[in-house]
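Listed here are the chains, written in short residue letters.
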Amino acid sequence: MKTKIFIITVILSLFINLSHAGEGMWLPLLLSQLNEKEMRDMGMKITAEDIYSVNHSSLKDAIVLFGGGCTGELVSAQGLLLTNHHCGYGNIQKHSSLEHDYLTNGFWAQRMEEELPNPGLSVTFLVRMEEVTVQTLKGVNDKMSQKMRDSIVVANNKVLVKAAINGTHYSAQVKSFFGGNQYYLFVSETFTDVRLVGAPPSNIGKFGGDTDNWMWPRHTGDFSMFRIYANKENKPAEYSKNNVPYQPAKHLTVSLKGVKEGDFTFVYGFPGTTQEYLPSYAVDMTALQDNPIAIGLRQQRLDIIDKAMDGDRLTRLQYSAKAASIANYWKKMIGETRGIKRLDAIEKKQAFERDFQKWAQSNTEKNAEYGQLLPSFGTIYSAFVPVNNAYTYLTEGLLGIELVRFANSYANLVKQCADKSKTEADIKKTAEQLISSAVAFYKNYNTNVDKQLFEALMATYTLSCESSMQVSVVKETAAKYKGSIPAWSNDLYKKTMFADSVRLLSFLSGFERGDVRKIEKDPAYILATGVYSYMLNSFAPIVNSFNASNDSLQRLYMAAQMEMQPEKRFYPDANSTLRVAYGNVKSFQPADAVEYKWFTTLDGIMQKENPDIYDYKVEPKLKELYNLRDYGRYADADKSMHVAFIASNHTTGGNSGSPVLNADGQLIGINFDRCWEGTMSDLMYDPDQCRNISLDIRYCLFIIDKMAGAKRLVDEMTVVE
Ligand code: ARG
Ligand code: GLU
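To keep things clear, this report deals only with the structure shown in the data block. On a predicted model such as this, the values are computed, not experimentally measured, just so you know. (Residues numbered from 1 in each chain as written. Chains lettered and ligands numbered in written order. Predicted model: local features only at pLDDT ≥ 70, side-chain atom pairs only at ≥ 80, totals over all residues. Heavy atoms only, no water.)

For the protein chain, the helix and strand inventory stands at 28 helices and 22 strands. Here the C-alpha radius of gyration of the protein chain, 27 Å, is about what a compact globule of 721 residues would show, namely 27 Å. Seen through its principal axes, the protein chain has C-alpha atoms that stretch 75 × 75 × 60 Å. The proportion of buried residues among the 721 residues of the protein chain is 57%. Sequence-distant contacts, at least 24 apart, represent 78% of the contacts inside the protein chain between residues at least 6 apart. When the 79 positive and 82 negative side-chain charges of the protein chain are each reduced to one mean point, those points stand 3 Å apart. (Helix = DSSP H or I, 4+ residues; strand = E, 2+ residues; numbered from the N terminus. Rg over C-alpha atoms; globule rule 2.2 N^0.38 Å. Buried < 20%, exposed > 50% of the residue type's maximum accessible area, 1.4 Å probe, protein only. Contact = heavy atoms within 4.5 Å. Lys, Arg positive; Asp, Glu negative; His and termini not counted. Charge placed at Lys NZ, Arg CZ, Asp CG, Glu CD.)

If you want it as structure tokens, here you go:
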């Protein structure tokens, strides 16, 4: 008995305080309770209440979810907003053409009237948040199925949301935390008139391109500027010429003081997804099975697209955003898998699981509750891994072919034509909508590139995806061509109307119900709908049933981990809700004998310059300013122009564009990336290797002011020296 108690104490003490300074994405609402003391010990001079308050304006009122997947921050009383260049990229591209190539050359509105509207772009402020666990879980018990539980939760949340927004123009959402053990309500306000104000040329905003992406030392001027417009009452309104600049409750003060190694910093934004509390089986599946398959398929796509872009300016315009998004997670996955291996993350999880099992079996009651958890995880994951692999071959392979995704978007029209209740007018309307989406699609489509993608991806799919789990229509068609993918693709791209803009648009322009036969007989349509219906009918049931078992095991496992380590401060996984991460400006050693300093300078840009490589061309005007060392008040005390810096803040995708703030809560940088060595932090954080990368705000202002000559924008900001 004594030894047992002793073992348990040893085990417990092992897990106490496992979270490291730097690790964690914390809920603003709980900072005063959980983090404020530590933050102040680390150097913070403001209070938790300054960061988040429901009683008066606080820093949270200057932060927005930008366009659904990034973060932005307000930097003037006139709704001026900063985010990353790669977050504004899609919209900058939409305004670009060969004649007005804002993507390549940059764009700066000289007056407010020149700021460009972006239909479809919105920004969202958090109004308040509140814990609602008790209300959400009312009527739920541990005996019921996950499905039953989910449906009660959904119904309860509906009531909560309705009550929260009643009589307002707000929207609300209840989000699950700690795997469904806690719930919070978020009330928010969304603005839809958001205009492009400025963007540096790509050779600044995307300097280093995908070559430097996820890497340190970094020299990317990754920022762009927008402005929020509101109606005369300062409330959200659809775009209108009569709208006026939005006046936020708070905008950030910009500091030109710069940072030193060791300085306290925090990042305030909307991190998307992390999964820190998974069992080893799940990490094994992601890092050792799933990632390698996806990496290989993305590599094939990139090889083809990069080559096509190199030879042709139009193709570059058409495919650069697509290539960037494929390359981004391709590289992330490579870094993540390496990081998991290097950190022995799976072995660390397994060691924890051995201790967990001992703890769970330490008495009959616990054993009944938790004793079977890990074995059950083992069972469901070993059954799921092969399915997941085949699913990844489909989503990363077959869906990497643009023709497949595009042709499938006609399924709705086909359905309408078969539906007697739809009138000719309904059908005409759908056809017209398809015309405008087809025009947008073809603007960025090159049949020859897509045909090459088809050949490469289809070859890998038919060869490497487990045969019993291959999409039936793919298997059948490949067999028809005796396995010759080139023969198949020649035929397909010749016969289908979806690869030919002229044919498709003229077909659509006079479309009548009877024409639907032509779609149904089109080989690309047959392939596309075959792929999607296989997903829906063959994969979805298995995936859903795995998810249901996994969700309920994970909820229990999370609760058990918290029960086992009562002293540990747990932070919830990221879920696109507003969070604070804090840490210190900090160098690191990425490899034996290599030391990474914590900041980069303009000198590094000149060292990387290579006029023959697209990613390393240097803007002539920037070179001029560099040669004159004309940095004005934006120079560091060391007289150089600092470009970027790293710190130990725990961030993830979605934190792009997030403000990086100093001990006084002033803006010192814009978060835009993580160092490659630490990209496994979505699954396990390592204080030695995990660093977020921020643009130094002084470089950003230098570009706006000295390079672009848009001083009017800097004058709008509240700047302290
Ligand atoms: N890695 C950064 C992020 O995850 C930047 C991505 C955009 N840049 C690029 N070169 N693809 O969003
Ligand atoms: N660039 C990422 C984003 O778009 C941030 C980098 C990361 O994943 O930490 O959110």
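Here the focus is the state of the cysteines. By the definition in use, this model includes 1 disulfide. The disulfide bridge from Cys70 ends at Cys87, spanning 2.1 Å between sulfur atoms. Taking the torsion about the sulfur-sulfur bond, which here is approximately -80°, the covalent link between Cys70 and Cys87 counts as left-handed. Taken together, the positions of Cys70 in strand S2 (residues 70–74) and Cys87 in helix H5 (residues 85–94) put the pair 17 residues apart, joining distant regions of the chain. The burial state of Cys70 is the same as that of Cys87; both residues are buried. No disulfide involves Cys690; its nearest neighbouring cysteine sulfur is the one of Cys675, lying 9.2 Å away. (Disulfide = S-S within 2.5 Å.)

Here we come to the packing of aromatic side chains. Throughout the structure, instances matching the rule amount to 42 aromatic pairs. Aromatic pair Phe264 and Phe266: ring centres 6.1 Å apart, planes at 40°, arrangement tilted. Here Phe264 falls in the buried class, since its relative accessible area comes to 4%. For Phe266, a relative accessible area of 0% corresponds to the buried category. Geometrically, the ring pair formed by Phe352 and Phe356 is tilted, given 6.3 Å between the ring centres and 40° between the ring planes. Of this pair, Phe352 and Phe356 both sit in helix H13 (residues 345–360), 4 residues apart, roughly one helical turn. Here Phe352 matches Phe356 in class, with each residue buried. (Phe/Tyr/Trp six-rings, centres within 6.5 Å; stacked < 30°, edge-to-face > 60°.)

Both trends apply: most residues other than glycine have a negative phi, and most peptide bonds are in trans. Following Trp216, the chain continues to Pro217 via a peptide bond in cis, the omega torsion being 0°. Tracing the chain through its elements places Pro217 in the loop between helix H10 (209–212) and strand S10 (224–230). Of note in this structure, Trp214 is not a glycine but carries a positive phi near 65°. Residue position: Trp214 is located in the loop between H10 and S10. Of note in the backbone geometry, Arg629 takes a positive phi value of approximately 50° without being a glycine. For Arg629, the location among the structural elements is in the loop between helix H26 (620–628) and strand S18 (642–647).

A few words on the environment of Arg354. Topologically, Arg354 is positioned in helix H13. Spatially, the C-alpha atoms of Arg354 and Pro117 are 57 Å apart, while their sequence positions differ by 237 residues.

Overall, the coordinates contain 31 salt bridges when judged by the stated rule. The shortest N-O distance in the salt bridge between Lys60 and Asp61 comes to 2.7 Å. The salt bridge partner of Asp212 is Lys608, with a shortest N-O separation of 2.7 Å. Taken together, the positions of Asp212 in helix H10 and Lys608 in helix H25 (residues 602–608) put the pair 396 residues apart, joining distant regions of the chain. (Salt bridge = Lys/Arg side-chain N within 4 Å of Asp/Glu carboxyl O.)

A separate point is the nonpolar core. Core analysis: the largest hydrophobic core is formed by 114 residues, its most contacted members being Leu622 and Tyr699. Sorting elements by how many residues they give to this core places helix H27 (residues 697–707) first, with 8 residues. Residue contacts for Tyr699: discarding those within four places in its chain leaves Ile204, Gly221, Leu602, Ile605, Leu622, Met641, His642 and Val643. Ranked by size, the runner-up nonpolar core spans 106 residues in total, among them Phe377, Tyr442, Tyr493 and Leu553. (Core = buried A, V, L, I, M, F, W, Y, C linked by side-chain atoms within 4.5 Å.)

As a further point, take the site of ligand 1. Taken together, His86, Lys206, Gly209, Asp210, Asn213, Trp214, Ala324, Asn328, Ser656, Phe672 and Asp673 make up all the residues around ligand 1. At 3.4 Å from a nitrogen atom of ligand 1 is found a main-chain nitrogen or oxygen belonging to Ala324. Asn328 places a polar side-chain atom, nitrogen or oxygen, 2.8 Å from a nitrogen atom of ligand 1. Calculation on ligand 1 without its partners gives an accessible area of 340 Å², and the protein chains cover 89% of this total. Only H10, helix H12 (313–342) and strand S20 (667–674) provide two or more residues apiece to the shell around ligand 1. Residues belonging to the shell around ligand 1 are distributed by class as follows: 3 nonpolar, 5 polar and 3 charged. (Near = heavy atom within 4 Å. Polar contact = N/O pair within 3.5 Å; in protein donor to acceptor, adjacent residues only side chain to side chain. Areas by Shrake-Rupley, 256 points an atom, 1.4 Å probe, with all protein chains shown as cover. Nonpolar A, V, L, I, M, F, W, Y, C, P; charged D, E, K, R; others polar.)

Those residues of helix H17 (residues 411–418) lying buried are Leu413, Val414, Gln416 and Cys417. The buried residues of H17 occupy an angular sector of 160° when projected down its axis, which confines them to one face. Residues of H17 that are exposed and point more than 90 degrees away from the buried face comprise Lys415 and Ala418. (Arc of directions from axis to C-beta.)

Looking now at the environment of Lys706. You can see Lys706 is positioned in helix H27. Taking relative accessible area as the criterion, Lys706 reaches 26% and is therefore assigned partly exposed. Among all residues touching Lys706, those that are not within four sequence positions of it are Lys621, Leu625, Asp630, Tyr631, Gly632, Tyr634 and Leu701.

One way to put it is that helix H15 (residues 373–397) packs onto helix H19 (residues 447–464) with a least axis distance of 10 Å and a crossing angle of 170°. The orientation of H15 with respect to H19, classified from their angle, is roughly antiparallel. Residues Tyr393, Leu394, Glu396 and Gly397 of H15 form the contact with H19, whose own contacting residues are Leu457, Thr460, Tyr461 and Ser464. Of the residues assigned to the contact of H15 with H19, the class counts are 4 nonpolar, 3 polar and 1 charged. (Axes fitted to C-alpha atoms, helices over the stretch in contact; angles between N-to-C directions. Parallel < 35°, antiparallel > 145°, perpendicular 65-115°, else oblique.)

The next subject is the side chain of His219. As for its placement among the helices and strands, His219 is situated in the loop between H10 and S10. A distance of 2.8 Å separates polar atoms of two side chains, one belonging to His219 and the other to Lys608. His219 has contacts with Phe207, Thr600, Thr601, Gly604, Ile605, Lys608 and Val643, leaving out every residue within four places of it along the chain.

Let's shift gears to the packing of H17 against helix H18 (residues 424–443). Axis separation between H17 and H18 bottoms out at 10 Å; the angle between their running directions is 170°. By the criterion of interaxial angle, the relationship of H17 to H18 is roughly antiparallel. Counting all contacts with H17, which are made through Asn412, Leu413, Gln416 and Cys417, the residues of H18 involved are Asp426, Ile427, Thr430, Ala431 and Leu434. Per-class residue counts for the contact of H17 with H18 are 5 nonpolar, 3 polar and 1 charged.

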